[in-house]
Amino acid sequence: MELSVERRELFDLRVERRRSDLVEGLEMLYGPDAAGQLADRLVELALGAYAERSHDLHLLDLRRSLRPDWLQQPEMVGYAAYTERFAGDLRGVETRIPYLRELGVSYLHLMPLLEPRDGDNDGGYAVRDYRQVRADLGTVDDLRATAKKLRENGISLVLDLVLNHVAREHEWAKKARTGDPRYREYFYTYPDRAEPDAFERTLPEVFPDFAPGSFTWDVDLDSWVWTTFNSWQWDLNWTNPEVLVEFAEIVLYLANLGVEVIRLDAIAFLWKRLGTTCQNEPEVHAITQVLRTVARIACPALAFKAEAIVAPHDLVQYLGTGRHQGKVSDLAYHNTLMVQIWSMLASADTQLAALALANLPTAPSTSSWITYVRCHDDIGWAISDADAAAVGLNGYHHRGFLSDWYSGLFPGSPAQGLVFQENPATGDRRISGTAASLTGLARAGSPEDIDPALGRYFLAHAIVYGWGGIPVLWSGDELGMPNDPGWATEPGHETDNRWAHRPRLDPHCVDQRADLRTVTGRVFTGLAHLGRVRASLPHLHASIPSEVLPAQDPGLLALLRNAPAGPMVCLYNLTNVSRAYPSSIIEELGLSEPWDAVSARRITPDLDGRYWLTPYAAWWLVGAP
């Protein structure tokens, strides 16, 4: 396609602005001798994609360039789902757009829908073809049309890009198995166990129950091949620059289909180094910088999200620190917040959460957290022994308590979660379950049980919605759906109870969503209300950090957001009894007449100068309107 003079000038200006970032990342990965030539190849790929980009996507690039903080706006609310479980197929997603808009959704993450291997495929994360859509969901043209329809309704499409591995059935792996030397270099292969054994001395197991070890003997390959996750997911060799070039092409291809955010799956695992866990190596950030730079040249409306469930001091690096500041991912998952919400709800104590959240490294002001009550994955109790000890807890015992509580084993627990991947050697027990099953809402039968369960439900979501960043709902949680009782009856799901919290959207519940006489209606209406209130508050722009205020009561969590529009204080009662907070602290922060935006009412102290929060109350205090 021939470019106009103006459009070619714009492309050249982008190259001029970004080429140094491209070369810098390539030099770190492959050395200065290779960097220049590789940069030229990648710029040519970017030019081809830029020339093929549709007019409406060029217009989107311009809009995003004029509003670079679009992902940080308080009106951003996310929703995540498996396409077939949410709407049947891609065209069905288009019919659900009004439903999503009722919730205030402006960011839709459709779980892996690129063509996976047949049979067990890790929920779609074993990709056979990055340029085809699962046949049961539609075609590439359907994907393009759905993305456009979403975009026209103010919803950005988010898709997964699996970077660490491909399915054994992928074309690259097939060619490697035939002995093609070019494609054998796309993978880590070993003729004997010497190197695999050396690596495994420091490698943690991801799925010890059903996929122990990190290497698999492949008869066709006549070698051991690196398989971090499952025997049919072959890890890619990113020390080979051809792998990077392949993925640059894939990124550009997806962007031109209308994908606006790419979730970089398993990004922490990309670079392998002997004697380490082979996670969070510095080259991972150089890879992201190169891919992000190529996208910024060809399609700057595209954003990157890092799927890195790692320690907090490692996590902020995925948002860009040091030499990578402003050059890598725009979004990252706030796993710590999610874990601490569940810890507070179980223990009715905020001290551990306040310490852990206060100690988080500051994220770059140009980035956004993805906040969530839960996701498609299990919940692992990422609580450090040091943090636990600092508040008088034993980390090992507290993690065990949380597993007991959320699997319903602890006396008095209302939860109905399922234990996932128990490790007898370490005592690690992760948990599966919908928000309704974990908060006790699923088993609540009487008003005496329903009201506190709803309180816990809304409190958890209010913390997520009020933190800043982009709160993301997992499909079904907006309706208070329980665990799927038939999760194990579907072929391929029998050994993976995470499918319990990936239920198909219940049409009966969908029909009840506006009926306040039902629990379903109360949940949906309440979450839609939170979204509307959130959108009205400039205080919740993601560039403003949430600061933990000094503890006044171990049952309360107090957060401050110092916004240009004025201070915002978030107060949360994590207990089932009323708790008091001194009004003097709120006044000292600049709120002499605090207004709770959630309930749309002025908050007044008692005669002793205390604000009283009812059980599981969530207040977003701002200046009176």
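Residues take numbers from 1 onward in each chain, read along the sequence in its written order. Confidence filtering applies because this is a predicted model: local features only for residues at pLDDT of at least 70, side-chain atom pairs given and counted only at 80 or more, and all residues used for totals across whole chains, interfaces and linings. With hydrogens and water set aside, each side-chain value is computed from the structure's full complement of heavy atoms.

**A look at the overall build of the protein chain**
Reasoning step 1: Regarding its fold elements, the protein chain presents 22 helices and 25 strands.
Reasoning step 2: Whereas a compact globule of 625 residues would reach a radius of gyration of roughly 25 Å, the protein chain reaches 24 Å, a difference of no more than 12%.
Reasoning step 3: Taking the principal axes of its C-alpha atoms as reference, the protein chain extends roughly 80 × 60 × 45 Å.
Reasoning step 4: Each of the 625 residues in the protein chain was classed as buried or not, and the buried ones make up 60%.
Reasoning step 5: For the protein chain, the share of sequence-separated contacts (at least 6 apart) that also reach a separation of at least 24 residues comes to 71%.
Reasoning step 6: Carbon together with sulfur atoms contributes 51% to the accessible area of the protein chain, which is approximately 23,800 Å² in total.
Reasoning step 7: For the protein chain, the separation between the mean place of its 58 positive charges and that of its 82 negative charges on side chains is 4 Å. We count a stretch as a helix when DSSP gives it H or I for four or more residues in a row; a strand needs E for two or more, and each element gets its number in order from the N terminus. Both definitions apply: the radius of gyration is a C-alpha atom measure, and the globule rule equals 2.2 Å times residues to the power 0.38. Partly exposed residues are those whose accessible area sits between 20% and 50% of the maximum for their type, while under 20% is buried and over 50% is exposed, using a 1.4 Å probe and protein chains only. Whether two residues touch is decided by their heavy atoms; if any such pair falls within 4.5 Å, the residues are in contact. All accessible areas in this document rest on Shrake-Rupley with a 1.4 Å probe, and a residue is counted as covered only by the protein chains that are shown. Only four residue types enter the tally: Lys and Arg on the positive side, Asp and Glu on the negative side; His and the chain ends are excluded. Charge coordinates come from a single atom per side chain, which is NZ of Lys, CZ of Arg, CG of Asp or CD of Glu.

**What about the environment of Y396?**
Reasoning step 1: Looking at where Y396 falls in the secondary structure, it is placed in helix α17 (residues 395–406).
Reasoning step 2: For Y396 and G427, which are 31 residues apart along the polypeptide, the C-alpha to C-alpha distance reads 8.1 Å.
Reasoning step 3: When neighbours within four sequence positions are excluded, Y396 is seen to be in contact with D385, T426 and G427.

**Observations concerning the packing of aromatic side chains**
Reasoning step 1: Only centres within 6.5 Å qualify two rings of Phe, Tyr or Trp (six-membered ring in Trp) as a pair; their planes then separate them into stacked at under 30 degrees, edge-to-face at over 60, and tilted for everything else. Scanning all chains against the criterion turns up 27 aromatic pairs.
Reasoning step 2: For the ring pair Y611 and W619, a centre distance of 6.4 Å and an interplane angle of 80° mean the geometry is edge-to-face.
Reasoning step 3: Taking relative accessible area as the criterion, W619 reaches 5% and is therefore assigned buried.
Reasoning step 4: Any Lys NZ or Arg CZ found within 6 Å of a ring centre and within 35 degrees of that ring's normal is scored as a charge over the ring. Between R182 and the ring centre of Y183, over which it is positioned, the NZ or CZ distance is 5.2 Å.
Reasoning step 5: Above the ring of W224, the side-chain terminus of R193 is found at 4.5 Å from the ring centroid.

**Some thoughts on a nonpolar patch on the surface**
Reasoning step 1: A patch consists of residues whose relative accessible area exceeds 30% and which take part in no salt bridge; residues with like charges are grouped when within 9 Å of each other, and nonpolar side chains (Val, Leu, Ile, Met, Phe, Trp, Tyr) when within 5 Å. Here, a salt bridge means any Lys or Arg side-chain nitrogen found within 4 Å of an Asp or Glu carboxyl oxygen. Together, L59, L62 and L66 make up an exposed nonpolar region whose accessible area comes to about 300 Å².
Reasoning step 2: Mapped onto the elements of the fold, L66 is located in helix α3 (residues 55–66).

**As for the pattern of salt bridges**
Reasoning step 1: Within this structure, the stated rule accounts for 52 salt bridges.
Reasoning step 2: Between D21 and K327 there is a salt bridge, with its nearest N and O atoms 3.3 Å apart. Taken together, the residues D21 in helix α1 (residues 5–30) and K327 in the loop between α13 (312–315) and β13 (331–333) connect sequence positions 306 residues apart.
Reasoning step 3: For D21, a relative accessible area of 7% translates into the label buried.
Reasoning step 4: Residue classification places K327 among the buried positions, given a relative accessible area of 18%.
Reasoning step 5: For the salt bridge of D477 with R374, the shortest nitrogen-to-oxygen distance reads 2.9 Å. With D477 in the loop between β17 (470–474) and α20 (507–511) and R374 in the loop between β14 (368–371) and α16 (385–390), this residue pair connects regions lying 103 residues apart in the sequence. As far as burial versus exposure is concerned, D477 and R374 are alike and both buried.

**Regarding the nonpolar core**
The nonpolar side chains of a soluble globular protein tend to be buried, and buried together.
Reasoning step 1: In this structure, Y79, W238, Y406, Y572 and W620 are the most contacted members of the largest nonpolar core, which totals 188 residues.
Reasoning step 2: Ranked by residue count, the leading element in this core is helix α11 (residues 241–257), at 11 residues.
Reasoning step 3: Once residues lying within four places of it in the same chain are set aside, the contact partners of Y572 are L459, A462, I463, G466, G555, L556, L557, L559, L613, A617, A618 and W620.
Reasoning step 4: Membership of the second largest hydrophobic core comes to 16 residues, among which are L549, L571, I585 and W619. Think of a nonpolar core as a cluster: buried Ala, Val, Leu, Ile, Met, Phe, Trp, Tyr and Cys residues, connected wherever their side-chain atoms sit within 4.5 Å.

**Side note on unusual backbone geometry**
Reasoning step 1: Backbone geometry at A266 places phi at a positive 55°, although glycine is not the residue there.
Reasoning step 2: A relative accessible area of 4% means that A266 is categorised as buried.

**Remarks on the sheet that holds strand β8 (residues 215–218)**
Reasoning step 1: Two strands form a pair only when DSSP identifies at least two bridges running between them. Read from one edge of the open sheet, three strands run β7-β9-β8, paired in antiparallel fashion. Each of the sheet's edge strands pairs with one partner strand only, and the pair in question is β7 (189–190) and β8.
Reasoning step 2: As paired elements, β8 and strand β9 (residues 223–226) share four bridges and run antiparallel to each other. Within β9, the residue paired with D218 across the bridge is S223.

**Observations regarding the side chain of D61**
Reasoning step 1: By secondary structure assignment, the location of D61 is in helix α3.
Reasoning step 2: Pairs of N or O atoms within 3.5 Å make up the polar contacts considered here, provided that, within protein, one atom can donate a hydrogen while the other can accept it, and that residues adjacent in sequence are counted only when both atoms are side-chain atoms. Engagement of the side chain of D61 in a polar contact is seen with the side chain of R53, the distance being 2.8 Å.
Reasoning step 3: Not counting the four nearest positions on each side in its chain, D61 is found in contact with R14, R53, A298, C299, P300 and A301.

**A word on the pairing of β14**
Residues in a regular strand point their side chains to alternate faces of the sheet.
Reasoning step 1: Burial along β14 is two-sided: S368 and I370 and W369 and T371, pointing in opposite directions, are all buried.
Reasoning step 2: When β13 meets β14, the two strands line up parallel, connected through three bridges. Across the sheet, Y333 pairs through a bridge with I370, a residue of β14.
Reasoning step 3: Where β14 lies against β17, two bridges are found, and the strand directions are parallel.

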